[in-house]
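Residue strings, one per chain:
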Amino acid sequence: LGEVLRPGTYELRPGETAADLLRAAGGLTALAATQRVQIERVVPPGQRGSAAGNERVVLDVAATDEAAAAVPLVNGDVVRVFRIAE
């Protein structure tokens, strides 16, 4: 979602990363805030704690460094690339 050339739903192979997804989406637009790419992930039921609010986790990585290459994506992840501030 957000500031990529081809936003959409993509299927990736196991082990592919956020950097792979950004490449598949055509790269970033000129308005992309490259210092913040957000990955929203649903935590599998067996890994959730008993407290409410443990169903999702949000990861923030930068699109321009090795951080995006180090984050493997899993089924159901939602990746958002934000727009630079006005």
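Residues numbered from 1 in each chain as written. Predicted model: local features only at pLDDT ≥ 70, side-chain atom pairs only at ≥ 80, totals over all residues. Heavy atoms only, no water.

Looking now at the sheet that holds strand β2 (residues 56-61). Taken in spatial order, the three strands make up an open sheet running β2-β1-β3, and their pairing is antiparallel. Either end of the sheet is taken by a strand with one partner, and the two such strands are β2 and β3 (78-83). Mean inter-strand twist for the sheet, computed between neighbouring axes without regard to direction, equals 25°. Of the pairings in the sheet, the one linking strand β1 (residues 32-42) to β2 comprises six bridges and is antiparallel in character. Following the sheet pairing, Q38 is matched in β2 by D60. (Pairing = 2+ DSSP bridges. Helix = DSSP H or I, 4+ residues; strand = E, 2+ residues; numbered from the N terminus. Axes fitted to C-alpha atoms, helices over the stretch in contact; angles between N-to-C directions.)

Attention now goes to the pattern of salt bridges. Within the structure shown, the criterion is met by seven salt bridges. The shortest N-O distance in the salt bridge between E3 and R83 comes to 3.2 Å. Of the two residues, E3 sits in the segment before α1 (18-24) while R83 sits in strand β3, which places them 80 residues apart along the sequence. Looking at E3, the relative accessible area reads 13%, which means it is buried. The residue E40 makes a salt bridge to R80 at a minimum N-O spacing of 3.0 Å. Here E40, found in strand β1, pairs with R80, found in strand β3; they are 40 residues apart in sequence, far enough to count as distant. In this structure E40 comes out as buried when scored by relative accessible area, which is 18%. Classification of R80 as partly exposed rests on a relative accessible area of 25%. Salt bridges sharing common partners tie together E40, R56 and R80. (Salt bridge = Lys/Arg side-chain N within 4 Å of Asp/Glu carboxyl O. Buried < 20%, exposed > 50% of the residue type's maximum accessible area, 1.4 Å probe, protein only.)

Within the secondary structure, V58 sits in strand β2. V58 sits in the partly exposed class, given a relative accessible area of 45%. Distance from V58 to R41, taken between C-alpha atoms, is 6.3 Å for residues 17 residues apart in sequence. With near-sequence residues (within four places) excluded, V58 lies in contact with Q38, I39 and E40. (Contact = heavy atoms within 4.5 Å.)

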